[in-house]
Amino acid sequence: MVKKSAAEITILWIFFVLFVIYAITLLFPVAWCLNNSFKYQKEFMLNTWSFPKEFTIANWISSFEREIEGTNLAGMFVNSIILIVGCSFCSIGSSAVTAYCLAKYNFRGKGAFYSLAVVLMMIPSTGSTAAIYKMFFQIGLYDTFFGIFIMNLGGFGSGFLLLYGFFKNLPWSYAEAGFIDGASHFRVFFTVMLPMAVPGIAAVAILTCIGIWNDYYTVYMYAPSIITVAYGMQRLVAQTSYNANYPELFALMLLSMIPVIVVFCVFQKTIMNNTAVGGLKG
Amino acid sequence: MKKIQAITLSAKWKERIFLLTMMAIPVAHFLVFFVYINLDTVALSFQSLDRSPSSSGEYIFVGWQNYREIFRGLTSPYSVFTKAIRNSLLLFALNNFVLLPLGILFAYLLHRKMPLAGAFRVIFYLPSIVSIVVLTMLFSFVFDSTNGIINPVLERLGLGHIIPEDGWLRSRDTAMKMVLLYCFWAGIGGNIPLLSGAIQRIPEELREAGRLDGVGFFGELWHIVIPLIGTTVSTLYMFGTTVIFTIFLQPKLLTGGGPDGETYTIALYIVESIRESGELTMGATVGILCALIGTPIVAITKRLLEKIFPTYEY
């Protein structure tokens, strides 16, 4: 290592201070909400800055009873979890199958499939919302879990590109050993190759799950009576008036963040490394 | 001899059956959700909902009517659509010319043994994993007129007069600036993991060689790091370009497009016309125009970027 020059050290420290300031702007609002969530509404209205004089967890308890169209917080969690399980199963399953076939088998049109996946990611697709909305109405998929699951069955998204790279690097000799033992292609895929791809799939799955947990748009657009946590929060905010019980809203907001933060902390290494390595290479 | 041929043939068929079964669902999904949906989007853009009393909600062919309506909107400077285009371009510029360079700089600084680099990397990435609904809520609380954090601070500093009367998010002069500020605040860290990964892959010898040649701190960033992470930068730039046609959640959640359509974007226009006004055909028409304008822009950008950032093998 060459020694750092004085100029370099100065630059680093200037940016260090800027980084600390930016980090504070990200963390302070959360801390402020956390602090205020332990106050009674009356105290919050009088003073939003001090620590609570009268400490209460009433807001945290009552936030569980808040309802949006008959769905309370527990119901929203259940809806979100059903969506996460169903959607991630559909989308990862489909991407894994597509990625495996394209990475390990040779067939006509294979190259076209791969470029298709890359191109599809770049075409702005907002415009097709109208036609999907119309189709969902016509065939009765509007406002159903099933409709959203089906929508997630696409095999050519970003998950595909990540898993394609992953399968490409898995040695084919394991599969060949399987074939010699008389296993079918299906058997080799499900019992030999797929288990070996678990680390790659897990990384994709974590990001997919976080994405679905946070996604309020899909439900808002195609299934507005399935109140998920993200959609429920948005509805609650939309209803909030200036004299609303803000401390309770803070508690709700923090509750909705907890699962994501926990998952992020536990899988932090996997997520950060995966987004780093998984970046489209070429 | 004949027998062997029979076995190989059936092995080939086994493989074919396997591939056909496996690829059936993804391909069917593609045919429905891409091919059919896009054809129907084109069809919808030439249709209109039959509003005559005898109809049962069918779509009828109306020729270029929807397109004419949009072009009429474009020529009037105060229409929502003109504002939407301006705002989408502003957000694109913020993304590609402010956030992306900042991301590169930050990733580089974090790589150069900045104290607490690991903690910063995680904290800066938090906005990317927390729900945008919660983040926009938090941002609105901060700037809230009655109970917010910012206003008391400004008053304390004697800057009370700059606080807009209708609130930061509801006044015409500040609403769009607030959306931009939000995107800036929440968007800095999003690209850092990808860029850090790319920087880490640069072989130490290359940077060592640069240092021996007397390249300074920013010289190394400009002459060595940026050219070598070119592929990642161009990918991010490309995704940043599609923002013009896709970004809408931020303004939707912060301001709902208001006040007076001041914060609309192109995609928000599409979404709102479908979901709130039920105008599927107008949404589809704008979608088609976006695809017609957007696809060449993205393709040309890709070409240009390949020229600017040639891929180096290392």
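Residues numbered from 1 in each chain as written. Chains lettered and ligands numbered in written order. Predicted model: local features only at pLDDT ≥ 70, side-chain atom pairs only at ≥ 80, totals over all residues. Heavy atoms only, no water.

Caption draft 1: Structural context of the domain arrangement of chain B. All names here are of chain B. Assigned domains of chain B: these are domain 1 (2–45), domain 2 (47–72) and domain 3 (76–308). With nine residues of domain 2 in contact, the opposing surface of domain 3 contributes 10 residues. For the pairing of domain 2 and domain 3, the buried interface totals around 850 Å² over both sides, and the portion due to carbon and sulfur atoms is 68%. The largest contributions to the domain 2 side of the interface with domain 3 come from Y59, Y67 and I70, which together make up 56% of the buried area. Joining domain 2 to domain 3, the criterion identifies zero salt bridges. The interface formed by domain 2 and domain 3 holds zero residue pairs in polar contact (both at pLDDT 80 or more) in total. (Domains from an automatic or database assignment. Contact = heavy atoms within 4.5 Å. Buried area = accessible area lost by both parts, 1.4 Å probe. Salt bridge = Lys/Arg side-chain N within 4 Å of Asp/Glu carboxyl O. Polar contact = N/O pair within 3.5 Å; in protein donor to acceptor, adjacent residues only side chain to side chain.)

Caption draft 2: View of the interface of chain A and chain B. Chain A puts 92 residues into the contact, and the matching count from chain B is 89 residues. Counting each side, the surface lost to burial between chain A and chain B is near 8200 Å², with a carbon and sulfur contribution of 80%. Taken together, the links from chain A to chain B amount to two salt bridges. Here A:E8 makes a salt bridge to B:R112, at a shortest N to O gap of 2.7 Å. Our count for the contact surface shared by chain A and chain B stands at 12 residue pairs in polar contact (both at pLDDT 80 or more).

Caption draft 3: Focus on helix α2 (residues 65–75) of chain B. All names here are of chain B. If you check which residues of α2 are buried, you get N66, Y67, I70 and G73. Buried residues of α2, seen end-on, are gathered within an arc of 120° and therefore sit on one face of the element. Exposed side chains of α2 directed beyond 90 degrees from the buried face belong to R72 and T75. (Buried < 20%, exposed > 50% of the residue type's maximum accessible area, 1.4 Å probe, protein only. Helix = DSSP H or I, 4+ residues; strand = E, 2+ residues; numbered from the N terminus. Arc of directions from axis to C-beta.)

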